[in-house]
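A structural walkthrough
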Amino acid sequence: MKALMSTKVGGPDTLEMIEVDDPKVGKGQVVIDVKACSINYPDVLIIQDLYQFKPERPFAPGGEVSGVVSELGEGVTGLKVGDRVASTTGHGGLVEKVAVDQNAVFKIPDSVSHDDASALILTYGTSIHALVDRGHIKEGDDLLVLGASGGVGIAAVELGKAFGARVVAAVSSEEKAAFCREAGADETVVYERAPFDKDQSKALANQFKAAAPGGYDVIYDAVGGDYSEPAVRSIGWEGRFLVVGFPAGIAKLPLNLTLLKSCDVAGVFWGAFAARDPKANRAHINRLFKLWDQGMIQPRVSETFAFEDAGQAIQKMADRGAIGKLVVKVAD
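These lines cover the structure that appears in this document, whether it is placed above or below. (Residues numbered from 1 in each chain as written. Predicted model: local features only at pLDDT ≥ 70, side-chain atom pairs only at ≥ 80, totals over all residues. Heavy atoms only, no water.)

1. Things to note about the side chain of His129
As a reminder, the rule being used: Here a helix means four or more residues in a row that DSSP labels H or I, a strand means two or more in a row labelled E, and each is numbered from the N terminus. Contacts: residue pairs with any heavy atoms within 4.5 Å of one another.
Within the element layout of this structure, His129 appears in helix α3 (residues 121–134). Setting aside residues no more than four positions away along its own chain, His129 makes contact with Arg134, Val268, Trp270, Phe273 and His284.

2. A look at the environment of His129
For the record, the criterion: In this scheme, a residue with accessible area under 20% of its type's maximum is buried, one over 50% is exposed, and one in between is partly exposed, where area comes from a 1.4 Å probe on protein chains only. Polar contacts, as used here, are pairs of N or O atoms within 3.5 Å; protein pairs need one atom able to donate a hydrogen and one able to accept it. Residues neighboring in sequence count only if both atoms are side-chain atoms.
The buried category is assigned to His129, whose relative accessible area is 6%. Taking the C-alpha atoms as reference points, His129 and His284, separated by 155 residues in sequence, lie 7.5 Å from one another. A polar atom in the side chain of His129 sits 2.8 Å from the side chain of Asp133.

3. Focus: the layout of surface pockets
Spelled out, the test is: Residues are said to line a cavity or pocket when one of their atoms sits within 4 Å of a point; the points come from a 1 Å grid over protein atoms alone, cavities being sets where a 1.4 Å probe fits but cannot get out and pockets being open sets with protein on both sides within 12 Å along at least five of seven lines. Grid points are joined across faces, edges and corners, and a volume is the space filled by probe spheres set on the points. Throughout this entry, Asp, Glu, Lys and Arg are counted as charged residues, while Ala, Val, Leu, Ile, Met, Phe, Trp, Tyr, Cys and Pro are counted as nonpolar. The remaining residues, Gly among them, count as polar.
There is about 230 Å³ of room inside the second largest pocket. Considering the residues around the second largest pocket, the lining is formed by 14 residues, among which Met1, Gly92, Val95, Lys97 and Val98 are closest to the centre. Elements represented by at least two residues in the lining of the second largest pocket include exactly β1 (2–6) and β6 (97–101). Here the lining of the second largest pocket takes three residues from β6, the largest share from any one element. Of the residues assigned to the lining of the second largest pocket, the class counts are 11 nonpolar, two polar and one charged.

Following this line, the structure appears as C-alpha cells:
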C-alpha cells in the first residue's frame, strides 16, 4: 500500500510517498481502508520530533481518519466488515490502510461524508473534554477562545454555544473573525502577531477585558506564547484557564496572577484521557454525534488536498494559515 512517511527529522518537504506492507490486524484491532485523513497541529510537530511522542522512523503522520472496516481482529465486537467509521490513530493515518484498536473506532452515519467524519473526533473530542471535564463550563459562562479559527478552536466556539456560554473568539485576522462569527461567536477580538513587548501585552489584555468586563469564567488557550499572560489577566474570579496547545510557544505565566484571580490553570491532554478512560471518551463522542445531528455543531472542512499533496496541508498548518479543518482525501 502507499504511505506518506517521515524518514528523517524535518518539515513537510522531507515526507516521502513510499510502498509499505499492508498492516496486520492484531487482537482487538480492526483494519480501516482509509478514505480521508484530517490534518492537525501535532502533525507539524511530530515530524520534527517536537511532539510529546517520538515514533520510531519511518512513520506516517496523520492523527485521525475515516474509512471502511476491511478486517476484524480476534475479540472485536460491535463492528463488522463494511462499516463506515472514524478513528483516531495518534499518528500513522496518511496511509491507504491502518490497523487501530477497536476502542478508538466509531461508526458514522451514512449521511455523513468521510471528509467531515475525519474532522470530528480529535478536535471536538479535545474541546468537549476541555470544556466539560477540565473547564466545568455551564450556561451563562463567558468563554474566551484563543486561536478560535483553527480546528480545536472552532470546535470550542461551537461547543461553547451549544452549552449556553457567551463566546468571545480571539484570532489574528478579520477573515478569521468573520469565520468565527459565522460559527456562532458572540464577539471577536483580532490580535496582533507576537512577540509582544510589555505595552503590547498590556494592550492585548485590555482588548480581552473590553469584550468581557466582568472577566471570563473559562479561557481556552490553544495558542500559548505571548498570548497566554494577557488572557490570564482578563480572567474572572475563580475562572478556569485551559492549557490546550502551544503553536506560538510554551508560555511563562506569573503565578501571582493565579492568586489574585483565585483561578485554576488546568492542562488538557485529550489523548491521554481517551487512553485512560475510553468509556468516558466514547460517551463524549456519542454526545458529539447527537449535537451534530441536532445541528448544534458541524465540522468545518475549509480545504481538501489530494493524497500526494498532503505535505502542503501540513505546511499550511505550520504557517498558521488554516481556517477550520484541512483534510487529505486518501481514496474515493
